[in-house]
Amino acid sequence: MNRVLWLAFGLLVGMPLRGAAPVLAASLAGRFEVASMDAAVAHRVAAAAEEGWRVLAAPLGLPPAFPSPVFVRVLPAGTSGAVAAHEVAVEPGGLVTLWLGARAQAGSALRVALVDALLHRLGVALHGATAPPVVAPWLVLGAVGWWETRVDGARLDALRENSRRRPPPGLAALLDGARGPAGPEGDAAGATWCFTFLLGESSRGGEWPRLLARLLAGGDPQAMLAQAYVGRFGGAEDRELWWQTGWHHHLRQRVLPGLEAEEARGMLVTLSRFVFADEGGADRLVPLAEVLARRSEPLVAAELARRGAELGRSVAGMHPFYRNAALTLAEAFALPAGPDGDRRQSVLGAQWERDWADGLALEAATRAVLDRWEARLRVPTP
């Protein structure tokens, strides 16, 4: 395999002789350096690598940078003998190289490859390069799941819905999972919740960083778990009960500071609904367009500012179905007085109506799909 990888690298380096030069794209110094014959692929991989570093920096305890980056080499399509997915190589001096095959240059496969390489580089930083780091499949899949559910709230919702329909996997089987020849394989959902659970169980005693460092050094994960999380369980049965309790707890807990669809919808209904007293003193429901047209009036301006501040505190955690509607409403609340604001007023009013209708449609369609799925799983009463 090493000879194949060096041959592939030679192809990358040798291409300039035929009129093409590899493109180098780097994330921040000491993190990732990407080389590819395709500039678009190089920059896409570098952007994904930087996003992964940002999301995983805290849970993995990453430093601001490593003395040497992870070298990512994108293999040209059709390279003879090249890996199909990805391969991580740790050189005797501690350099870590990630070889990306054709199947691992985008999407979830790319994230798996980047996390795999990042964990190898972290293992070298913690323990040196005398022995290659041991990177367990569940750890790679768990970190990838954490990454994906933190940048896409809809993935977290889907993970919760799917996980509620199944029992938790055995912790021993999850931690002892073997690594396949094509890379990490296993229970991605179980690994994501295990990663989340162990991270959440860590306190000021640093249980999770201690466990992570020991895992990357290699050894029995069951013994390491007992040594890191002292006093949490007494034996194998207690350990499984501890894990299963954590599984159900995290399925019902908000891991992200986000709103559920129903909560987001209710908040936007409240913030977009204006009731003012008319000339006779009776309450009147005033359309949003009319409110925006009168935004220069002191009372209306003050109410728009109050609602804009309230929405601003919640818009980052808005449910994906209603995020566009929330952003449009926030922009409408912040419209300035004058001709520029007048020109934007009608555009934002129409955009709000479209975004709001889209959010309602997405929520209704999702509910219908879940209802049909639950109906299929429901056992008929004899």
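Residues numbered from 1 in each chain as written. Predicted model: local features only at pLDDT ≥ 70, side-chain atom pairs only at ≥ 80, totals over all residues. Heavy atoms only, no water.

Glancing now at the overall build of the protein chain. Of the regular secondary structure elements, the protein chain holds 15 helices and seven strands. Taking contacts inside the protein chain between residues at least 6 apart in sequence as the whole, the part at least 24 apart equals 66%. (Helix = DSSP H or I, 4+ residues; strand = E, 2+ residues; numbered from the N terminus. Contact = heavy atoms within 4.5 Å.)

Now for the sheet that holds strand 5 (residues 96-100). Ordered in space as 1-2-3-5-4, the five strands form an open sheet in which the pairing is mixed. Pairing within the sheet leaves two strands with one partner each, and these edge strands are strand 1 (23-26) and strand 4 (86-90). Averaged over all pairs of adjacent strands, the angle between their axes in this sheet comes to 20°, without regard to strand direction. Across the face of the sheet, helix 3 (residues 107-127) comes into contact with strand 2 (32-36), strand 3 (70-74), strand 4 and strand 5 while running at roughly 170° to strand 5. (Pairing = 2+ DSSP bridges. Axes fitted to C-alpha atoms, helices over the stretch in contact; angles between N-to-C directions.)

On to helix 10 (residues 236-252), then. Here helix 10 contains 17 residues, and its C-alpha end-to-end distance of 25 Å stays within 8% of the 24 Å for a straight helix at 1.5 Å per residue. Those residues of helix 10 that fall on the buried side of the exposure criterion are R239, E240, W242, W243, G246, W247, H250 and L251. The arc that holds every buried residue of helix 10, seen down its axis, measures 165°, which confines them to one face. Opposite the packed face of helix 10, turned more than 90 degrees from it, sit the exposed residues E237, L241, T245 and R252. Packing partners of the buried residues in helix 10 comprise helix 5 (153-163), helix 6 (171-175), helix 7 (188-201) and helix 9 (221-228). (Expected span 1.5 Å × (residues − 1). Buried < 20%, exposed > 50% of the residue type's maximum accessible area, 1.4 Å probe, protein only. Arc of directions from axis to C-beta.)

Within the secondary structure, E148 is located in helix 4 (residues 137-151). The class for E148 is buried, based on a relative accessible area of 11%. At 3.2 Å, the side chain of E148 and the side chain of S108 are in polar contact. For E148, the side chain forms a polar contact with the side chain of R155, separated by 3.4 Å. Not counting the four nearest positions on each side in its chain, E148 is found in contact with S108, R111 and R155. (Polar contact = N/O pair within 3.5 Å; in protein donor to acceptor, adjacent residues only side chain to side chain.)

With that out of the way, let us pick up the pattern of salt bridges. Two side chains bearing opposite charge may form a pair once their charged atoms approach each other closely. As enumerated under the stated definition, the model contains 18 salt bridges in all. As a salt-bridge pair, R155 and E148 come within 3.4 Å of each other at their nearest N and O atoms. When the shortest N-O distance is used, the salt bridge between R295 and D342 registers 2.9 Å. Placement of R295 in the loop between helix 12 (288-293) and helix 13 (298-314) and of D342 in helix 15 (residues 339-377) is noted, with a sequence separation of 47 residues between them. For D342, a relative accessible area of 45% translates into the label partly exposed. The network of salt bridges with common partners includes R284, E290, R294 and E297. (Salt bridge = Lys/Arg side-chain N within 4 Å of Asp/Glu carboxyl O.)

Okay, the nonpolar core next. In this structure, L114, W138 and L198 are the most contacted members of the largest nonpolar core, which totals 69 residues. Those residues in contact with L198, other than ones at most four positions away along the chain, are W138, W208, L211, L225, Y229 and W242. (Core = buried A, V, L, I, M, F, W, Y, C linked by side-chain atoms within 4.5 Å.)

Of the residues making up helix 8 (residues 207-217), those classed as buried are E207, W208, L211, L212, A213, L215 and L216. Along its buried surface, helix 8 packs onto helix 2 (39-60), helix 3, helix 4, helix 7 and helix 9. G218, located one to two residues past helix 8, shows a positive phi value of around 95°.

Here we take up the packing of helix 4 against helix 5. Closest axis-to-axis distance for the helix 4/helix 5 pair is 4 Å, and the angle between their directions is 120°. Between helix 4 and helix 5, the angle is such that the two are oblique. Counting all contacts with helix 4, which are made through E148, T149 and V151, the residues of helix 5 involved are G153, R155, L156 and L159. Of the residues contributing to the contact of helix 4 with helix 5, the split by class is three nonpolar, two polar and two charged. (Parallel < 35°, antiparallel > 145°, perpendicular 65-115°, else oblique. Nonpolar A, V, L, I, M, F, W, Y, C, P; charged D, E, K, R; others polar.)

This part takes up the environment of L259. Take L259: it is sitting in the loop between helix 10 and helix 11 (261-272). Since its relative accessible area comes to 22%, L259 is described here as partly exposed. Taking C-alpha positions, L259 is 6.0 Å from G317, a pair spaced 58 residues apart along the chain. For L259, the residues in contact, after removing those within four places along its chain, are A264, M267, G317, M318 and H319.

In this section: the environment of P169. Looking at the secondary structure, you find P169 in the loop between helix 5 and helix 6. Among the residues examined, P169 registers a relative accessible area of 14% and is labelled buried. A C-alpha to C-alpha distance of 9.2 Å links P169 and A191, two positions 22 residues apart in sequence. What P169 contacts, discounting residues up to four positions off in sequence, is L174, D187, G190, W243 and W247.

It is worth spelling out the confidence of the model for the protein chain at this point. On average, the protein chain scores 83 in pLDDT, and the residues at 70 or more come to 87%. Within the protein chain, the lowest mean pLDDT, 41, falls on helix 1 (residues 2-14), and the highest, 94, falls on helix 8. Contacts from residues 1-19, a stretch scored under 50 in pLDDT, to residues over four places away or in other chains number 23 contacts. (pLDDT = per-residue confidence, 0-100.)

Turning our eyes to something else, we now look at the packing of helix 3 against helix 8. With their axes 9 Å apart at the nearest point, helix 3 and helix 8 run at an angle of 95° to one another. Judged by the inter-axis angle, helix 3 sits roughly perpendicular to helix 8. Of helix 8, the residues touching helix 3 (which contributes L119, L122, G123, L126 and H127) are L212, A213, L216 and A217. Along the lines of polarity and charge, the residues of the contact of helix 3 with helix 8 split into seven nonpolar, two polar and no charged.

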